[in-house]
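Structural description and commentary
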2 protein chains.
Amino acid sequence: MAITSNTTVGAEWIVDAEGCQPDLLRDARVVRGVCDKIISDLSLQVLTPELWHEFPPPGGVTGLFLLTESHLACHTYPENGVATFNLYCCRSRPEWNWAEQLTRTLGARHVNVMRAERGAGASKAADQFIRMHGGGDR
Amino acid sequence: MAITSNTTVGAEWIVDAEGCQPDLLRDARVVRGVCDKIISDLSLQVLTPELWHEFPPPGGVTGLFLLTESHLACHTYPENGVATFNLYCCRSRPEWNWAEQLTRTLGARHVNVMRAERGAGASKAADQFIRMHGGGDR
């Protein structure tokens, strides 16, 4: 069996927010506001014009940002009450408080966060699995 | 403790290719060719102009595609011999042979693939962890 190297090239936060308010997930301004806050709070730098797409109802919105630090992607699913985020950073960044922020801005009932170290073998992703709960049941 | 729902909104393949040939990772045409093949082989639809950025040496390239099916992201790190991919699909797609393809096109020695079910709680990501080895030691 091949030996996997320990070369880490960055960290990725893989975030699922569930039980969100559908009207907020349909509102591109709200979703863009969340992404802008992530970028601002973590001092990330957007390199090219961001990409946005609004899907026809009952669909949500998608946003993609190409960053100096790698990328940020967001998809919303109003029909499921779900918003997902991927934040991939090739330089060390503080932890963002996903649970608190997404509960406040999108009405999320539960926020699950997985952090994966990239380039170090997918096993590291599983090793570093963490789970956070935000908001509690309503 | 809040109960996490089982709402799945898509699957994501989180792929790290290690031990790649640095000159191939620096070549935007080569990297773009890999992304184009993923999109073509899986019949994915690109919705907006793709985003590409070439970082100054010793950096690599970044590509982002906003898809009808969600998104594809690629980053290369010639200085580390690493290429990473995220393919996020909100409709069922066949498995792509990441190990074989990235060994052939980028000279990868090892290819690690993790599949995460999105929107179903990050625990599913860990549950569905799979690891694939490609190429073997040289």
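Notes on the structure in this doc start here. Every chain is numbered on its own, with residues counted from 1 as its sequence reads. As they are written, the chains are lettered A onward and the ligands numbered 1 onward, keeping that order. pLDDT decides what is reported in this predicted model: residues at 70 or higher carry local features, side-chain atom pairs at 80 or more are listed and counted, and totals for whole chains, interfaces and linings draw on all residues regardless. With hydrogens and water stripped out, all remaining heavy atoms of the structure feed into the side-chain values.

Considerations on the overall build of chain A
Each helix and strand in chain A was counted, giving four helices and six strands. Runs of E in the DSSP output that reach at least two residues are strands. Runs of H or I that reach at least four are helices, and both are numbered from the N terminus. Listing every helix and strand of chain A by position from the N terminus yields β-α-α-β-β-β-β-α-β-α. Partly exposed describes any residue whose relative accessible area lies between the buried limit of under 20% and the exposed limit of over 50%, with all areas from a 1.4 Å probe on protein chains only and scaled to the type maximum. A total of 138 residues make up chain A; the buried ones form 57% of that total. Throughout, a contact is declared for two residues whenever any of their heavy atoms are within 4.5 Å. Looking at chain A alone, contacts between residues at least 24 apart form 60% of all its contacts between residues at least 6 apart. Counting every atom, chain A has about 5400 Å² of accessible surface; 51% of that belongs to carbon and sulfur. Surface accessibility in these figures is a Shrake-Rupley result with a 1.4 Å probe; residues are shielded only by whichever protein chains are displayed.

Side note on the packing of helix α2 (residues 28–41) of chain A against helix α3 (residues 98–106) of chain A
All names here are of chain A. Whenever a helix is involved, its axis is fitted only over the stretch in contact; in every case the axis is a line through C-alpha atoms, and angles between N-to-C directions fall within 0 to 180 degrees. Taken N-terminus to C-terminus, the directions of α2 and α3 make an angle of 150°; their axes are 11 Å apart at the nearest point. The orientation of α2 relative to α3 falls into the category roughly antiparallel. Crossing of α2 against α3: the hand is right-handed. Residue-level contacts link Val30, Val34, Lys37, Ile38 and Asp41 of α2 to Trp98, Gln101, Leu102, Arg104, Thr105 and Leu106 of α3. By the definition adopted for this analysis, an angle is roughly parallel if under 35 degrees, roughly antiparallel if over 145, roughly perpendicular if from 65 to 115, and oblique otherwise. Crossings are classed by handedness, with left-handed meaning an anticlockwise turn of the near helix from the far one by less than a right angle and right-handed meaning a clockwise turn.

Focus on the environment of Leu102 of chain A
Residues and elements named next belong to chain A. Topologically, Leu102 is positioned in helix α3. Accessibility expressed as a relative area gives 0% for Leu102, which makes it buried. Considered as a pair, Leu102 and Ala17 are 85 residues apart in the sequence and their alpha carbons are 7.0 Å apart. Non-local contacts of Leu102, meaning those with residues more than four positions away in its chain, are made with Val15, Ala17, Val34, Phe85, Trp96, Gly107, Ala108 and Val111.

Points about the pairing of strand β2 (residues 51–54) of chain B
All names here are of chain B. Summarising the sheet, β2 and strand β3 (residues 61–67) pair through four bridges and their orientation is antiparallel. What sits directly across from Glu54, in β3, is Val61. Any two strands are treated as partners once DSSP identifies two or more bridges connecting them. Counting the residues between successive antiparallel strands, the hairpin from β2 to β3 contains six residues.

Some details on helix α2 (residues 28–41) of chain B
Residues lying three or four places apart along an α-helix face the same way, a consequence of the helix completing one turn every 3.6 residues. All names here are of chain B. How far a helix is expected to stretch is found by multiplying one less than its residue total by 1.5 Å. Compared with an ideal rise of 1.5 Å per residue, which puts 14 residues at 20 Å, α2 spans 20 Å between its outermost C-alpha atoms and is within 8% of the ideal. When α2 is considered as a whole, its buried residues turn out to be Ala28, Val31, Val34, Cys35, Ile38 and Ile39. Buried residues of α2 fall within an arc of 135° about the axis and therefore sit on the same side. Structural note: α2 exposes Arg29 and Ser40 on the side pointing more than 90 degrees away from its buried face. Check the buried side of α2 and you find it contacts α1 (22–26), β2, β3, β4 (70–77), β5 (82–89) and α3 (98–106). N-capping of α2 is provided by Asp27, with a side-chain oxygen placed 2.9 Å from the backbone N of Arg29. Looking at the residues trailing α2, positive phi occurs at Ser43, about 55°. Directions from the helix axis toward the C-beta atoms define the arc. The term polar contact refers here to a pair of N or O atoms within 3.5 Å; inside protein, the definition further demands a hydrogen-donor-capable atom paired with an acceptor-capable atom, and it admits residues adjacent in sequence only when both atoms are side-chain atoms.

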